[in-house]
Amino acid sequence: MAEPLLEVRNLKVSFRTEDGVVKAVDGVSFAVSEGETLGIVGESGSGKTTLGLAILRLISSQGPIVFMGKSLQGLKFRSMLPFRRDMQIVFQDPYGSLSPRMSLSDVVEEGLWVHHPAMAKAEREERVIRALVEVGLDPETRFRYPHEFSGGQRQRIAVARTLVLEPTFIVLDEPTSALDMLIQAQIVDLLRALQKRRELTYLFISHDLRVVAALASRVVVMRHGKVVEEGPAAELFARPKTDYTRALFAAAFNLETAAEGVVAQ
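Residues numbered from 1 in each chain as written. Predicted model: local features only at pLDDT ≥ 70, side-chain atom pairs only at ≥ 80, totals over all residues. Heavy atoms only, no water.

### Observations concerning the packing of aromatic side chains
Within the structure shown, the criterion is met by three aromatic pairs. Centroid distance Phe 67 to Phe 83: 6.5 Å. Interplanar angle 75 degrees. Geometry classified as edge-to-face. Of this pair, Phe 67 sits in strand E4 (residues 65-67) while Phe 83 sits in helix H2 (residues 77-86), and the two are 16 residues apart along the sequence. The residues Phe 67 and Phe 83 share a single accessibility class, namely buried. Taken together, Phe 67, Phe 83 and Phe 169 form an aromatic cluster joined through their ring pairs. The ring of Trp 113 carries Arg 124 above its face, with NZ or CZ at 3.7 Å from the centroid. (Phe/Tyr/Trp six-rings, centres within 6.5 Å; stacked < 30°, edge-to-face > 60°. Helix = DSSP H or I, 4+ residues; strand = E, 2+ residues; numbered from the N terminus. Buried < 20%, exposed > 50% of the residue type's maximum accessible area, 1.4 Å probe, protein only. Lys NZ or Arg CZ within 6 Å of the ring centre and 35° of its normal.)

Encoded structure:
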């Protein structure tokens, strides 16, 4: 059996507050196979985003994180740098995640300066143009600024910013929550197409179960930092095992319709 691309075991993240220690992620374990989309769902405050940030080692955590067969836990900044090319993130807010002082070209190109400082200017420009075309943006607009683009276009810019580094694994943290339903569907279609073309692996974090049903092949349900339930998406949406999962799904949509949507992928 092939080794998983990513595996976390008993992962924990705690924060100290005035009221004591909060266990934001409390003993989470799972594996993600290459080319898979694993959906992480749960209510606000369930630990979804914290989990994603911990996996990318953007915040401190305890417990093994194994990526491409290599343990990431405990690596210093310089040792983590090669992995950061392969592990990227698209944030929730397409407005706040893009610097208003940087042109579209500068935003997309920024990672190349960090990870490929010796790359020739012509090659950097070629990569930027290719990434913009892949996400459906006109490369002729690359000297404009983020405020000149719509919300959906800005999220495409955010996706292009990750693609330019040619990653293997992308954390998608609520990438459609700030968009209307029509634009959400377009972004989901884009993510599917990119995954197929580039053989990408996604960790898809969302409270929007309809979007998760459309994109994820497996789902992990979180509550209070713990995994409540996990399994293949079609099976989980059709036959949730816990009361919490059933209530979560019932609040979002009719379970039978949701299951049909997953199976129809």
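### What about the confidence of the model for the protein chain?
Summing up the model confidence of the protein chain, the mean pLDDT is 90 and the portion of residues at 70 or higher is 94%. Ignoring residues within four places in sequence, the model shows residues 255-265, a span with pLDDT below 50, making 20 contacts including any to other chains. (pLDDT = per-residue confidence, 0-100. Contact = heavy atoms within 4.5 Å.)

### A closer look at unusual backbone geometry
Phi is positive for Arg 57, which is not a glycine, with a value near 60 degrees. Turning to its location among the elements, Arg 57 is positioned in the loop between helix H1 (48-55) and E4. The backbone of Glu 199 shows a phi angle near 55 degrees, a positive value even though the residue is not glycine. One can find Glu 199 in the loop between helix H6 (181-198) and strand E8 (201-205). Take Glu 199: its relative accessible area is 57%, and that puts it in the exposed class.

### Description of the pattern of salt bridges
Following the criterion strictly, the structure yields 12 salt bridges and no others. Glu 230 is paired through a salt bridge with Arg 218; the nearest N and O atoms lie 3.8 Å apart. Remark: Arg 218 occurs in strand E9 (residues 218-223) and Glu 230 occurs in strand E10 (residues 226-232); sequence separation between them is 12 residues. One salt bridge in this structure joins Asp 243 and Arg 246, with 2.4 Å as the shortest N-O distance. Within this pair, Asp 243 and its partner Arg 246 are both found in helix H9 (residues 243-252), separated by three residues, close to a single helical turn. (Salt bridge = Lys/Arg side-chain N within 4 Å of Asp/Glu carboxyl O.)

### Thoughts on the side chain of His 115
Locating His 115 in the fold gives a position in helix H3 (residues 104-115). Sequence-distant contacts of His 115, that is, excluding residues within four places in its chain, are made with Leu 81, Arg 84, Arg 85 and Leu 165.

### What about the packing of helix H5 (residues 151-163) against H6?
Put simply, H5 and H6 touch, their axes get as near as 10 Å, and they point 15 degrees apart. Judged by the inter-axis angle, H5 sits roughly parallel to H6. Like other packed secondary-structure pairs, H5 and H6 cross with a definite hand, here right-handed. Where H5 approaches H6, its residues Gly 152, Gln 155, Arg 156, Val 159 and Leu 163 are matched on the opposing element by Ile 183, Gln 186, Ile 187, Leu 190, Leu 191, Leu 194 and Arg 198. Considering only residue class, the contact of H5 with H6 consists of seven nonpolar, three polar and two charged. (Axes fitted to C-alpha atoms, helices over the stretch in contact; angles between N-to-C directions. Parallel < 35°, antiparallel > 145°, perpendicular 65-115°, else oblique. Left-handed = near helix turned anticlockwise from the far one by under 90°. Nonpolar A, V, L, I, M, F, W, Y, C, P; charged D, E, K, R; others polar.)

### Here we look at the sheet that holds strand E6 (residues 87-90)
What the six strands build is an open sheet, ordered E6-E7-E8-E3-E9-E10; its pairing is mixed. Unpaired on one side and paired on the other, E6 and E10 mark the two borders of the sheet. Averaged over all neighbouring strand pairs, the angle between strand axes comes to 15 degrees, with direction disregarded. Strand direction decides the pairing type here: strand E3 (residues 37-41) and E9, joined by four bridges, are parallel. What sits directly across from Leu 38, in E9, is Arg 218. Sitting on the sheet, H1 is in contact with E3, E6, strand E7 (169-173), E8 and E9, with an inclination near 150 degrees to E8. Seen against the sheet, H9 touches E3, E9 and E10 and runs at an angle of roughly 105 degrees to E9. (Pairing = 2+ DSSP bridges.)

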